[in-house]
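# Report on the structure
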Amino acid sequence: MIKNMENERAKDALKNVKAILEKNEDKKQQTVYKAHVKKLAPMIQVNGLAQTMAFYLYKQETIYEQIRGWIMQQESEDFEEFKDKGKADFVQFIIEQESEEYRRLTMEVIAYVQWLARFADGLIEKEV
């Protein structure tokens, strides 16, 4: 079950990084995405999940939406009441969790972000 979950994270992260490559012809935008994704896990550990997602909601909406999409797939029943509340629904969902669930969500997001960072590092070329 754990290995299957890891495979699902990897598959979704690869899909999202490939979408960045297809969507953004501009190498600079790809490089900016890569830089943000690589520093995201440490940022979550230092600042907390809710604060980091609030920052990315406005700073790098693509990353926010990728993480939100992954968690929505995993937490579809719990997330249901927040789906129609606008772009900040994910931050609100996080904030309203009990501390144990908040920690579990944080661990899940970090595990997912690590896959995003691996694929971004491998697939997005360095800007010359």
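Right above here is the structure, for reference.
Remember, predicted model here, so these are calculated numbers, not experimental data.

The next thing to look at is the nonpolar core. Soluble, globular proteins show a tendency: their nonpolar side chains are buried together. Counting residues in hydrophobic clusters, the biggest one holds 35 residues, and the most contacted among them are Tyr33, Leu40, Met53, Ile67, Ile71 and Phe90. Looking at this core, the elements with two or more residues in it are α1 (2-23), α2 (27-47), α3 (49-59), α4 (61-74), α6 (89-95) and α7 (99-123). Top contributing element to this core by residue count: α7, with 10 residues. Contacts of Leu40, omitting those with residues within four sequence positions, involve Thr52, Met53, Tyr56, Ile63, Ile67 and Val113.

Turning our eyes to something else, we now look at the packing of aromatic side chains. All told, the structure shown has 4 aromatic pairs when counted by the stated rule. Note on Tyr64 and Phe90: the rings are 6.0 Å apart at their centroids and 65° apart in plane angle, and the pair reads as edge-to-face. A residue pair is termed long-range when its members are at least 10 positions apart, and Tyr64 in helix α4 and Phe90 in helix α6 qualify at 26 residues. Considered together, Tyr64 and Phe90 belong to a single accessibility category, that of buried residues. Ring centres of Trp115 and Phe119 lie 5.6 Å apart, and the angle between their planes is 25°; this geometry places the pair in the stacked category. Here Trp115 pairs with Phe119, and both are found in helix α7, just 4 residues apart, close to one helical turn. Between the NZ or CZ atom of Arg118 and the centre of the ring of Trp115, over which it lies, the distance is 4.5 Å.

Oppositely charged side chains can form a pair if their charged atoms are brought close together. Taken as a whole and judged by the stated rule, the model has 9 salt bridges. Among the salt bridges present, the one from Glu8 reaches Lys11, with a minimum N-O distance of 3.4 Å. Separated by 3 residues within a single helix, Glu8 and Lys11 lie in helix α1, roughly one turn from each other. Overall, Glu8 belongs to the partly exposed group, its relative accessible area being 32%. A salt bridge links Asp12 to Lys15; the nearest nitrogen and oxygen atoms lie 3.3 Å apart. Highlighted residues: Asp12 and Lys15, both in helix α1, separated by 3 residues, approximately one helical turn. For Lys15, a relative accessible area of 48% corresponds to the partly exposed category. Each of Glu6, Arg9 and Glu108 takes part in salt bridges that share partners, so that together they form one network.

Cut-off values and rules
- In this numbering scheme, every chain counts its residues from 1 along its sequence in written order.
- Only residues with pLDDT of 70 or above have their local features reported here, since the model is predicted, and side-chain atom pairs are shown and tallied only from 80 upward, although totals for entire chains, interfaces and linings are computed over all residues.
- Think of the side-chain values as coming from all heavy atoms in the structure, minus any hydrogens and water.
- The set of buried Ala, Val, Leu, Ile, Met, Phe, Trp, Tyr and Cys residues whose side-chain atoms join them within 4.5 Å is what this entry labels a nonpolar core.
- Think of it in three bands: with a 1.4 Å probe and only protein chains considered, a residue is buried below 20% of the maximum accessible area for its type, exposed above 50%, and partly exposed in between.
- Where helices and strands are cited, they refer to DSSP runs of H or I of at least four residues and of E of at least two residues respectively, numbered from the N terminus.
- Residues are treated as being in contact if the distance between any of their heavy atoms lies within 4.5 Å.
- Between the rings of Phe, Tyr and Trp (Trp by its six-membered ring), a pair exists once the centres lie within 6.5 Å; its type follows the angle of the planes, with under 30 degrees stacked, over 60 edge-to-face, and the other angles tilted.
- Both a distance and an angle decide whether a charge sits over a ring: NZ of Lys or CZ of Arg must be within 6 Å of the ring centre and within 35 degrees of the ring normal.
- The working definition used for a salt bridge is a side-chain nitrogen of Lys or Arg within 4 Å of a carboxyl oxygen of Asp or Glu.

What is shown is where atoms sit, not what they do.
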